[in-house]
Amino acid sequence: MLRYDKEFDPKAHGPESDGADGPAPGPGRYAADDEVYVFDDDEVVLAVNVALKTGRPLLLFGPPGSGKSTLAPNVARIKRWEYYAHVVTARTEPEDLLWRFDAMQRLNDAQAQKLVDDKGHYYTKGPLWRAFEASGERSVVLIDEIDKADPDLPNSLLGPLGSLSFPVPWDHEQSVSVPPERAPFVVITTNDERELPRPFLRRCIVFELRAPSTKHLLRVAASHLGERYEPELAEKVATHILDVRRTLEDPGAGPSTAEYLDALKASQQLGVVPGTPEWTALEAVTLRKRRDGTEPSA
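Residues numbered from 1 in each chain as written. Predicted model: local features only at pLDDT ≥ 70, side-chain atom pairs only at ≥ 80, totals over all residues. Heavy atoms only, no water.

Undergrad: I'd like a rundown of the overall build of the chain, residues and numbers included.
TA: Along the chain, the regular secondary structure elements total eleven helices and twelve strands. Expressed along its principal axes, the backbone C-alpha trace of the chain runs to roughly 70 × 50 × 40 Å. Considering the chain as a whole, with its 298 residues, one finds that 46% of them fall into the buried category. At a minimum sequence separation of 6, the contacts of the chain that also span at least 24 residues come to 75%. Taken as a whole, the chain presents about 15,500 Å² of accessible surface, with 48% of it coming from carbon and sulfur. If the 36 positive side-chain charges of the chain are averaged to one point and the 48 negative ones to another, these points end up 2 Å apart. (Helix = DSSP H or I, 4+ residues; strand = E, 2+ residues; numbered from the N terminus. Buried < 20%, exposed > 50% of the residue type's maximum accessible area, 1.4 Å probe, protein only. Contact = heavy atoms within 4.5 Å. Areas by Shrake-Rupley, 256 points an atom, 1.4 Å probe, with all protein chains shown as cover. Lys, Arg positive; Asp, Glu negative; His and termini not counted. Charge placed at Lys NZ, Arg CZ, Asp CG, Glu CD.)

Undergrad: Quick one: what's the story with the pattern of salt bridges, residue by residue and with numbers?
TA: Tallied over the entire structure, the rule returns ten salt bridges. Here Arg-210 makes a salt bridge to Glu-43, at a shortest N to O gap of 3.1 Å. Here Arg-210, found in the loop between strand S12 (205-208) and helix H8 (214-225), pairs with Glu-43, found in helix H1 (residues 42-54); they are 167 residues apart in sequence, far enough to count as distant. Judged by its relative accessible area of 49%, Arg-210 is partly exposed. Here Arg-100 and Asp-96 are joined by a salt bridge, their closest N and O atoms 3.3 Å apart. Taken together, the salt bridges that share partners define one network made up of Glu-7, Lys-53 and Arg-138. (Salt bridge = Lys/Arg side-chain N within 4 Å of Asp/Glu carboxyl O.)

Undergrad: Explain a positive patch on the surface to me, using residue names and the numbers behind them.
TA: Together, Arg-56, Arg-198, Arg-202 and Arg-203 make up a positively charged patch on the protein surface. Assignment of secondary structure puts Arg-56 in the loop between H1 and strand S4 (58-61). Look at Arg-56 and you get partly exposed, because its relative accessible area is 39%. (Patch = residues over 30% accessible without salt bridge, like charges linked within 9 Å, V, L, I, M, F, W, Y side chains within 5 Å.)

Put into structure tokens, the structure is as follows:
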């Protein structure tokens, strides 16, 4: 175990069960992704703490199902901080993370002679603006799948995150800012589909999450399923997933942790037993999904 002065320590917050942090799901229900997270890798916790101490964004690489998108909301839950998120698409503009201008609404109001004098009326605050303005504790901001956007978007973050301020779009004599002690913890994820700019990478704490192991998948299953956790079924499905990954040219294209949980939950709720024709059909729709090399299990 790595020993150092932790600002973020999952083991110091709430109950812990076999490496998982979060409340155990009650009878008859499963835990949601933002209710529990398995922090069983000391290096992940170290990366979070380095980012918190340096004030740098935490950039996460890793295969699907490795926990990139769910880490941020769970840090916010554990720390009891506000949480803001933005999923990046090919249409995301650099300013969308700060604000969005509703030009159509302004045009409609102008044509209807209902134009509002306050220019700020037509601006919607983005996740970073809301995080900068958050009162009380610090906040967590997730910028998900940043590699989907144009390369200009990552570089556009350097100014606001470096200076912890940006000008108000309709009045550049005013600015939105946050003191360093309340700077948001920014988590950025990438699927590595596009190379990110080097200046941006230099200003991030970079960590690559590993593909889940059998032990990790079983801990995830136990933490999400609670009283409905069945060790034998969970291990059978976990073994199948790892076998599938080994047959693929790109192991990251194999079934994810979310698909693993889908198969377990469906098996329980439908009463489908492994080794039956029904189980083979369930695997096809939850795990194999026409992936090359993912033959049905025996």
